[in-house]
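Summary of structural features
Spelled out from the first residue to the last, the chains are:
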Amino acid sequence: DCAVYAASAEEGMDGWALMYKDDHDEELFGEDGSSKVTVTINEPETIRQAVNDGRAPNGMWLGGVKYRVVKQEKDFEYNECKFDLTFCAKTKGGCHIVKTENGSLIFALYDEDKEQTTGNAKG
């Protein structure tokens, strides 16, 4: 169902606020690219689109922040296990999503303002 069931963050930060926001309306550019339309964002659905389809037409949203899907790699092998990897980006940061063989999702967020980078994410 792509719902977030647990969240953890560095000391002094609210992990839930980083990972989840109730359905919310956002002003996004329409298909013509010039006019804006109001879209109701359901964050678990945008996660499902990103992980299952490799794209999310209105962006992949976490905690009210929009990410764009930039790359997906299915069946990535590591230590005799296969994972689906989805890489998302936002201004000065990003999110890596790992889908395990049992369907669980693991999110790793990075923020360049905190001197974090994507680094050797797949290594």
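Just above, that's the structure.
The sections below set out a description of the structure shown in this document. What you see is a predicted model, and the numbers here were worked out from it, not measured in a lab.

Right, let's talk about the pattern of salt bridges for a bit. Under the counting rule described, the total for this entry stands at four salt bridges. With its nearest N and O atoms 3.9 Å apart, the salt bridge here joins Arg48 to Asp53. We classify Arg48 as partly exposed; its relative accessible area is 28%. Judged by relative accessible area, Asp53 falls into the partly exposed class, the value being 45%. Measuring nitrogen to oxygen at the nearest pair gives 3.8 Å for the salt bridge that ties Lys74 to Asp84. In this pair, Lys74 sits in strand 4 (residues 65–78) while Asp84 sits in strand 5 (residues 81–90), placing the two residues ten residues apart along the sequence. Taking relative accessible area as the criterion, Lys74 reaches 40% and is therefore assigned partly exposed. Three or more residues joined by partner-sharing salt bridges are found here, namely Glu45, Arg48 and Asp53.

Parameters at a glance
Residues numbered from 1 in each chain as written. Predicted model: local features only at pLDDT ≥ 70, side-chain atom pairs only at ≥ 80, totals over all residues. Heavy atoms only, no water. Salt bridge = Lys/Arg side-chain N within 4 Å of Asp/Glu carboxyl O. Buried < 20%, exposed > 50% of the residue type's maximum accessible area, 1.4 Å probe, protein only. Helix = DSSP H or I, 4+ residues; strand = E, 2+ residues; numbered from the N terminus.

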